[in-house]
Amino acid sequence: MLLIKNGTLITMTGIYKQTGDILIENGKISRIGNDLPVSEGCKVIDAAGKVVTPGLVDAHCHIGLWGTVSSAEMDGNEYTSPALPGLRGIDALKWNDPTFNVAVRHGVTTVVTGPGSANIIGGTFTAVKTAGKDLDSRVVKQETCMKMALGENPKFCFGKQNKAPKTRMMNAAIMREQLFKAAEYHEKYKKHGDDPEFPYDFHMHSLMRLFDGMRVKIHAHQADDIQTAIRIANEFGLRYSVDHCTEGYLIVDELAKNHVQCLLGPTVGGKSKMELSHRSFDAGRILEEAGVTFGLITDAPFVPIEGQLLQAALYVKSGLSREMALKCLSINNAIITDIDSRVGSLEPGKDADVVIWDVEPLDTMAQAGIVIIDGQVVYERKAGESNVDYQEL
Amino acid sequence: MLIIRNCNLINMAGIYEEKKDLVAENGKILDICDDAESKYGKEHTVIDACGCYVTPGFVEPHCQLGVREQIYRFEGDDADETTDPILPQLRALDAINPSDEGFQMALSGGVTTAVACPGNANLIGGTCAAVKTAGKTVSELVMVPELAFLMCLTDTVKNTYEGKRSPKTRLASAALIREALIKAKNYHTLWKRAQEDPKYEPPKFDMKLHSLMRVFDGMPVKITAKRSHDITTAIRIAEEFGLNYTLEDATESWLIPEVLKKHNVKCVVGPSYGEKNNENRYRDPIVGSVLEQNEIPFAASTGHPDMNIDLAAIQLTLMYKKGLSPKAALEAATINAARFCGLEQRVGSLEPGKDADIVIWDGYPLDYYSSAATVLIEGKVVYQK
């Protein structure tokens, strides 16, 4: 048992900067309240004057798949065929990549990580904790979302090999063709799946889960690609988010009308391609004002995971409210990746992933002081400790 | 005459957070005083800084501003002529597009001077140009058309030529640079001899060597090296040939500060924030405090667009968060950057006689939430938030 006493709580679901206690039992949050009794053998952390938040969540990154020190670790894009829904991010996850330790030091306790955007359908994202003795103990959900991509990346990646897709028309056609096939397969499987002679199709078997409610993450930057994503998702009745959503703020009414859930980012960085021409930190403020549900993502390594709070601060600088910015890094990211039953907020019954900050996390000088995952203290900043992030390499 | 009154001035030359008025005339700083209006009269243009922080415009000592443009991949990317690893005859100035959005980003980040370089794909990439960051044409922007050569000892070069030609290894990278320098030195000797004594013929014109020989007249060389063994190779080659050099990027400099100190290396560090890969594995803003503790003066660079130039102050803030003193942080982006580029007679600090390149900040410069509110170049307002 662990009791965090007298912290300034930001639970992300109601309590914003009120003093309170959090009781942790068996890796879960069991109670939140004031003056909770200290039972025998209960470890107590005095959080008076400190800010207590849930562990931060990154809803879209490539940590553990993209490698840090060698091209031998690059497992993000299987660009040998544009539609490979049978692939699983978890199968390439280097769960002990040192980047996870950096994430912990910066208060990120859950990441949703998976394949890149070279393929129209790239495979599934996995949700994992950033600390734990092995992969099994870290997994929140082995396969949480199917990754799809529109826009420049697939058409350039395959176009330069003189293969389809070369155009946005083909991007959409390949996505639709796969979805038609998967819908048909799904229907047949529901009827005849028990038949030992049922013609099993590895990739369709994975993709058909969309018709049982598995979420899709659709990579789209430009307004036209976002609208293609909305159109196709509506046609097939998909549960989905638009990831990156760079120009979403330019068509915010469309987003609101269609109840599109968005994951914004990475936004720190240059306009390295045409579809990023309108990249702007104003997007956060505009989506908030329009009532769109959205989260903020690093797409690490593109914004390094230690830059997650910096990126959010720059959104706040452009008018996003602090309270919403913090939700965007926690509960919203959890909701949009279907892991909110376990993480993303401080509520009884949820995983005890907690960060204790010396100052508010969005302040310039903020640093995570104590990080707790599943009730275990996995990081505690020591006075005078080295400030090097990648020391373990 | 322009008066900027009520500054909380950090001039990078002795005045640190003092209430002062700045006076500029004909694009230069004329005076720094306590009450400019009673001294010079009230009829001049006056900007009230309202007690905000005022610093010199930042100097970006190593970037590809205008050379590798925003948004356009092929059309706007002129940084890397990947057809030959030794190209000293190229000039970054010939590729700068003043209408690139990068210039607006520079101004919004308080950067008023930038050294635009070729990319890191060649061993000798060409020459770098020093420019101001506001102007419609290159001739309006340019301060020094050919400020320094750029040489690179990085994996980028090996990757660029892999399977096509040498270099494939660090051995060849060093050998090809040495070979070029030896040829240029011989060419330089023959050229000088012919200049001094008409009885000698000049060497047969060679554009590469004709350009590169200038390093033997003291023209500076920027040597990009990230990993510590590449840094030591850079030092070795530079000392062998007596080059006037600075070490650029210097990602792993914080792992070997004693080497840098022993060899009096001038380091232009950065970007210290961004994507990790093999070469950048030790990329960390800790570099600032480690170099400061070891009393190694350094300049800070974003390497734009590697790290965006509008994040110049954010990079300093990240270094400050990891223990670098605020004064050293600001020096890295102003006076040290100017000195290491040989531009300190004109920019890098606010002193009488120097260019009136001034930033009025809307908060403490080393804070995520602060911005450059008003930026002046040579006494003219070129950006307002």
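As the structure is a computational prediction, the values presented were derived from the model and not from experiment.

**Topic: the overall build of chain A**
Looking only at helices and strands, chain A features eleven helices and 16 strands. Taking 21 Å as the expected radius of gyration for a compact globule of 393 residues, we find that chain A reaches 21 Å, a close match to that expectation. Principal-axis analysis of the C-alpha atoms gives chain A an extent of 60 × 50 × 45 Å. Within the span of chain A, comprising 393 residues, buried residues form 54% of the whole.

**Remarks on the sheet that holds strand β12 (residues 267-269) of chain B**
All names here are of chain B. Strands sit in the order β6-β7-β8-β9-β10-β11-β12-β13 across an open sheet of eight strands; the sheet is mixed. Only two strands of the sheet have a single partner each, and these edge strands are β6 (58-63) and β13 (298-300). Going across the sheet, the axis of each strand differs from the next one's by a mean of 25°, ignoring polarity. Pairing of strand β10 (residues 221-225) with strand β11 (residues 245-249) involves five bridges; the strand directions are parallel.

**Quick look at the pairing of strand β12 (residues 261-264) of chain A**
Successive residues of a regular strand alternate their side chains across the two faces of the sheet. Residue and element names in this part refer to chain A. The alternating pattern of β12 places Gln261 and Leu263 and Cys262 and Leu264 on opposite faces, both of which are buried. Each parallel crossover has a hand, and for strand β11 (residues 240-244) linked through helix α7 (residues 252-257) to β12 it is right-handed. Sheet topology places β12 next to strand β13 (residues 294-296); three bridges connect them, and they run parallel. Bridging across to β13, Leu263 finds its partner in Gly295. A crossover connection joins β12 to the parallel β13 through helix α8 (residues 282-289); in handedness this β-α-β unit is right-handed.

**Quick look at the environment of Leu84 of chain A**
Residues and elements named next belong to chain A. Looking at where Leu84 falls in the secondary structure, it is placed in the loop between β6 (56-61) and α1 (98-105). Its 21 C-beta neighbours within 10 Å are what place Leu84 among the buried residues. Leu84 sits 66 residues away from Leu150 along the chain, and the two C-alpha atoms are 15 Å apart. The residues touching Leu84, leaving out its near neighbours within four places in the chain, are Glu78, Asn119, Ile121, Gly122, Gly123 and His203.

**What to know about the packing of helix α10 (residues 312-321) of chain B against helix α11 (residues 326-333) of chain B**
Helix packing geometry: the angle between the two helix axes and the distance between the axes. Residues and elements named next belong to chain B. In contact at an axis separation of 10 Å, α10 and α11 are set at 150° when each is read in the N-to-C sense. Once α10 is placed against α11, the crossing between them reads as right-handed. Every residue of α11 that contacts α10 at Ala312, Leu316, Met319 and Tyr320 is listed here: Pro326, Ala329, Leu330, Ala332 and Ala333. For the contact of α10 with α11, a count of residues per class yields nine nonpolar, no polar and no charged.

**Section: the interface of chain B and chain A**
The interface is formed by 22 residues belonging to chain B together with 25 residues belonging to chain A. By residue class, the composition of the side of chain B that touches chain A is seven nonpolar, six polar and nine charged.

**Concerning the sheet that holds β13 of chain A**
Residue and element names in this part refer to chain A. Pairing is mixed across the open sheet formed by eight strands, whose spatial order is β6-β7-β8-β9-β10-β11-β12-β13. In this open sheet, the two strands that pair with only one neighbour each are β6 and β13. Strand after strand, the sheet turns through a mean of 25° between neighbouring axes, direction not considered. Its contacts with the sheet place helix α6 (residues 223-236) against β10 (215-220) and β11, and it is angled at close to 155° to β10.

**Let's talk about helix α2 (residues 101-108) of chain B**
All names here are of chain B. Regarding α2, the residues found buried are Gly102, Phe103, Met105, Ala106 and Leu107. Where α2 is buried, its residues contact β6, β7 (111-116), β15 (372-377) and β16 (380-384). Note on α2: the residue one or two positions beyond its end, Gly110, has a positive phi of about 80°.

**Here we look at the domain arrangement of chain B**
All names here are of chain B. The domains assigned to chain B are domain 1 (1-56 + 349-385) and domain 2 (58-347). Just the C-alpha atoms count here: the centres of domain 1 and domain 2 sit 30 Å apart. Taken together, the contacts link 19 residues of domain 1 with 22 residues of domain 2. Elements represented by at least two residues in the side of domain 1 that touches domain 2 include exactly β5 (53-56), β15 and β16. At three residues, the largest contribution of residues to the side of domain 1 that touches domain 2 is made by β15.

**Details of the pairing of β10 of chain B**
Residues and elements named next belong to chain B. Counted residue by residue, β10 has five buried out of five residues, so it is predominantly covered. Side chains Val221, Ile223 and Ala225 project from β10 onto one buried face, and the interleaved Lys222 and Thr224 project onto a second face that is buried too. Taken together, β10, helix α7 (residues 228-240) and β11 form a β-α-β motif whose crossover is right-handed.

**Some words on the packing of helix α4 (residues 168-192) of chain A against α6 of chain A**
Residues and elements named next belong to chain A. Two elements in contact, α4 and α6, have axes whose closest approach is 11 Å; the angle formed by their N-to-C orientations is 15°. With respect to each other, α4 and α6 are oriented roughly parallel. α4 and α6 meet at a crossing whose hand is right-handed. Every residue of α6 that contacts α4 at Ala172, Met175, Arg176, Leu179 and Ala183 is listed here: Thr228, Ile232 and Phe236. For the contact of α4 with α6, the residue count by class is six nonpolar, one polar and one charged.

Conventions we followed
- Residues numbered from 1 in each chain as written.
- Chains lettered and ligands numbered in written order.
- Predicted model: local features only at pLDDT ≥ 70, side-chain atom pairs only at ≥ 80, totals over all residues.
- Helix = DSSP H or I, 4+ residues; strand = E, 2+ residues; numbered from the N terminus.
- Rg over C-alpha atoms; globule rule 2.2 N^0.38 Å.
- Buried ≥ 20, exposed ≤ 12 C-beta atoms within 10 Å, placed from the backbone.
- Pairing = 2+ DSSP bridges.
- Axes fitted to C-alpha atoms, helices over the stretch in contact; angles between N-to-C directions.
- Right-handed = clockwise from strand over helix to strand, strands pointing away.
- Contact = placed C-beta atoms within 7 Å.
- Left-handed = near helix turned anticlockwise from the far one by under 90°.
- Nonpolar A, V, L, I, M, F, W, Y, C, P; charged D, E, K, R; others polar.
- Domains from an automatic or database assignment.
- Parallel < 35°, antiparallel > 145°, perpendicular 65-115°, else oblique.

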